Amino acid sequence: QDALGRLLTSLQEALKAQAPQGGEAARPTQNHQRARVLSVQLDELDRQADDLARETQAVQSALYAEPLTTVVRVLDAHASALDSMQSQVTGMVDRIRVVESTL
């Protein structure tokens, strides 16, 4: 604790030595003003990103409320179409056999 106390004291003294004196210390430097402006802009960007994330989630929930159900329906329709084609092919094969047997 003593070592940390001495380190803190030496850091404070070093910062006091580097700090501008008189009227310059009272007004913020141009770098501090820029830092504040950037901080405000970053806060605004963060807020906008949060808003966008919420809106995206709402749209996704509305449009894709049941995505797996939709996929199942599409696959079921394709399976039905394939079954229908298979039965037509089987019928054609049977007719071809009948025709071939009469030749």
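Details of the structure are given in the entry above.
Description of the structure in this document. (Residues numbered from 1 in each chain as written. Predicted model: local features only at pLDDT ≥ 70, side-chain atom pairs only at ≥ 80, totals over all residues. Heavy atoms only, no water.)

### Digging into the overall build of the chain
- Counting secondary structure elements, the chain contains 4 helices and 0 strands.
- Counting helices and strands in the order they occur from the N terminus, the chain gives α-α-α-α.
- Per-residue burial over the chain gives 0% buried out of 103 residues.
- Entry remark: accessible area of the chain is about 9,600 Å², with carbon and sulfur atoms responsible for 60%. (Helix = DSSP H or I, 4+ residues; strand = E, 2+ residues; numbered from the N terminus. Buried < 20%, exposed > 50% of the residue type's maximum accessible area, 1.4 Å probe, protein only. Areas by Shrake-Rupley, 256 points an atom, 1.4 Å probe, with all protein chains shown as cover.)

### Notes on the pattern of salt bridges
- Under the criterion given, the structure shown has 3 salt bridges.
- R47 is the partner of D51 in a salt bridge, and the nearest nitrogen-oxygen pair spans 2.6 Å. Separated by 4 residues within a single helix, D51 and R47 lie in helix α3 (residues 30-63), roughly one turn from each other.
- Across the salt bridge formed by D51 and R54, the nearest N and O atoms sit 2.3 Å from each other. Of this pair, D51 and R54 both sit in helix α3, 3 residues apart, which is roughly one turn of that helix.
- The network of salt bridges with common partners includes E44, R47, D51 and R54. (Salt bridge = Lys/Arg side-chain N within 4 Å of Asp/Glu carboxyl O.)

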